[in-house]
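Tertiary structure, described
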Amino acid sequence: MPAAETPSAANVDILIIGAGPAGLFATYYAGFRGMSVAVMDSLPEPGGQVSAMYPEKHILDIAGFTAIRGRELVERLIEQAAPYDPVYLLSQSAHHLQRHENGESSATFTVTSSTGLIVHARSIVVTGGIGKFTPRPLPAAQTYTGEGLAYFVRCLDDYADTDVVIAGGGDSAFDWAHALTPIARSVTLVHRRDTFRAHPATVAAITAAKVEILTNAQIRKIHGDRLIHGVEIAINDGTVHELRCQRIIAALGFTANLGPLLEWGIEIHNRRHIAVDSTMQTTLAGIFAAGDINDYPGKVRLIAVGFGEAATAVNNAAHYIDPQLPLFPGHSTDTAPAAIPA
């Protein structure tokens, strides 16, 4: 996993904003096109939502893989880009944008990050997914500062032989319940309603498994100081359940927004999705967008689609930077052997 680099300034051909799968593939493709590239992301590690929310979940719709865990997908994308020495600027949000005119048809850009880092780029590809996202807090945990409470599961092994309580009724809650059932000593799912937002097949699988499901219920109190040793569950009928547990997962969803990107002067639909044309270019020449963050008629928000959009965006960005470069990059199979990673 690449470490964040902390130069005072960076000068690159392309700045990728967002280090999720689409951004990482765009990073590889920029290197493949012979361009220098930096990748900026507000999270402390690459992978975007995949790394933060479901690193252990199997993804089933990546071409060439019957199934691949989110963590492994991210690792392979990083490995694919590594021969081109991208600069990773992690724990950095893109804030201020300045556009410098360089004649009639081109411009360069200066992006200042949340920490004051300055990046000069000849083009920008925004692959920020849903933007900067923040998990919704568990109300009962407002005063709890110890260990054992997680909003995103980093490593399944941390939950081995423990009693786990999961709060939530969406896909994430049920996915973690499914993944942890064979590992944890016990799994209890607590949801404040009696209906679920999760995929029906996952709900059916969890209902049939050895998972206790408490509906119309909420975690009211966490027992423990430095370590969790139990929770108090309040049921809507007025009853209270005391449960032993050492781990709590709060899968209550998250809030997301595009933050400063809203002030960049590019067209954004419903303050969530960046409008692009068929080249993946935004309404501001030289800035492109790929992956879940962009929008156009017929848009399908899948990782697989984002990969294609990333390649389209980078190739058009290369042509924008140097109109003498062909739009079509040639086939990777034609690459000289010396340029092929070992």
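Note that the structure is predicted; figures quoted are calculated from it, not measured. (Residues numbered from 1 in each chain as written. Predicted model: local features only at pLDDT ≥ 70, side-chain atom pairs only at ≥ 80, totals over all residues. Heavy atoms only, no water.)

Some thoughts on the pairing of strand β7 (residues 107-113)
Burial within β7 is extensive, with five of its seven residues counted as buried. The pairing of strand β6 (residues 94-101) with β7 spans seven bridges and is antiparallel. Residue pairing for β7: H100 is matched across the bridge by T108. As paired elements, β7 and strand β8 (residues 118-126) share four bridges and run antiparallel to each other. Along β8, the bridge assignment pairs V111 with V119. (Buried < 20%, exposed > 50% of the residue type's maximum accessible area, 1.4 Å probe, protein only. Helix = DSSP H or I, 4+ residues; strand = E, 2+ residues; numbered from the N terminus. Pairing = 2+ DSSP bridges.)

Some points on the sheet that holds strand β16 (residues 240-243)
Taken in spatial order, the three strands of this open sheet run β14-β15-β16, and their pairing is antiparallel. At either end of the open sheet lies a strand with only one pairing partner, and these are β14 (217-224) and β16. Across the sheet, the mean angle from the axis of one strand to that of its neighbour is 20°, orientation sign disregarded. Here seven bridges tie β14 to strand β15 (residues 228-235), and the two strands are oriented antiparallel to one another. Its bridge partner being in β15, G224 is matched across the sheet by I228. (Axes fitted to C-alpha atoms, helices over the stretch in contact; angles between N-to-C directions.)

Here we look at the packing of aromatic side chains
Under the definition given, this model contains eight aromatic pairs. Ring plane angle 35° and centroid distance 5.6 Å describe the contact between F25 and Y28, whose orientation is recorded as tilted. Of this pair, F25 and Y28 both sit in helix α1 (residues 21-32), three residues apart, which is roughly one turn of that helix. Per residue, the accessibility class of F25 equals that of Y28, and both read buried. (Phe/Tyr/Trp six-rings, centres within 6.5 Å; stacked < 30°, edge-to-face > 60°.)

Some points on unusual backbone geometry
Look at N270: it is not a glycine, yet its phi comes out positive at around 55°. If you trace the backbone, N270 turns up in the loop between β19 (268-269) and β20 (273-275). In this structure, R271 is a non-glycine residue whose phi angle is positive, near 60°. Topologically, R271 is positioned in the loop between β19 and β20. Residue class for R271 comes out exposed when judged on its relative accessible area of 57%.

Things to note about the nonpolar core
Within the largest apolar cluster, 66 residues are counted, with the highest numbers of intra-cluster contacts made by I14, L15, I124, W264 and I274. Among the elements that make up this core, the one with the highest residue count is helix α6 (residues 303-321) (nine residues). In this view, I14 contacts A30, M35, S36, V37, A38, A121, S123, V125, V314, A317 and I321; residues no more than four positions away in its chain are not counted. One finds L156, A198, V211 and I249 within the second-largest nonpolar core, a separate group that totals 20 residues. (Core = buried A, V, L, I, M, F, W, Y, C linked by side-chain atoms within 4.5 Å. Contact = heavy atoms within 4.5 Å.)

A few points about the layout of surface pockets
Considered as a void within the structure, the largest pocket measures approximately 1,000 Å³ in volume. Around the largest pocket, the lining comprises 45 residues; the ones closest to its centre are G48, Q49, G129, I130 and D292. Broken down by secondary-structure element, the contributors of at least two residues to the lining of the largest pocket are α1, β2 (37-41), α2 (48-53), β3 (58-59), β6, β9 (132-135) and α6. Among the residues making up the lining of the largest pocket, the classes are represented as 20 nonpolar, 19 polar and six charged. Computed from the structure, the second largest pocket encloses a volume of approximately 530 Å³. Forming the walls of the second largest pocket are 22 residues, and the residues nearest its centre are M53, D171, S172, G253 and F254. (1 Å grid on protein atoms, 1.4 Å probe; cavity = no way out; pocket = protein on both sides within 12 Å on 5 of 7 lines; lining within 4 Å. Points joined across faces, edges and corners; volume = space filled by probe spheres on them. Nonpolar A, V, L, I, M, F, W, Y, C, P; charged D, E, K, R; others polar.)

Describing a positive patch on the surface
A cluster of like positive charges, contributed by R136, R192, R193 and R197, occupies part of the molecular surface. Following the sequence through the fold, R193 ends up in the loop between β12 (186-190) and α5 (200-208). For R193, a relative accessible area of 39% gives the class partly exposed. (Patch = residues over 30% accessible without salt bridge, like charges linked within 9 Å, V, L, I, M, F, W, Y side chains within 5 Å. Areas by Shrake-Rupley, 256 points an atom, 1.4 Å probe, with all protein chains shown as cover. Salt bridge = Lys/Arg side-chain N within 4 Å of Asp/Glu carboxyl O. Lys, Arg positive; Asp, Glu negative; His and termini not counted. Charge placed at Lys NZ, Arg CZ, Asp CG, Glu CD.)

Observations concerning the UniProt feature "binding site: FAD" (unreviewed entry) in the protein chain
In the UniProt entry, the feature "binding site: FAD" (unreviewed entry) is given for D41, Q49, Y54, A94, F133, D292 and T333. Separation in sequence by 293 residues is matched in space for these annotated residues, since their most distant C-alpha atoms are 38.2 Å apart. Of the residues annotated just before, the largest pocket has D41, Q49, Y54, A94, F133 and D292 among its lining. Mapping Y54 onto the fold places it in the loop between α2 and β3. Assessed through its relative accessible area of 24%, Y54 is described here as partly exposed. With sequence-adjacent residues up to four places away left out, Y54 is seen in contact with Q49, I59, G70, W176 and I303. Here F133 lies in strand β9. A relative accessible area of 12% means that F133 is categorised as buried. (UniProt positions renumbered as here; feature names shortened; annotations may be inferred.)

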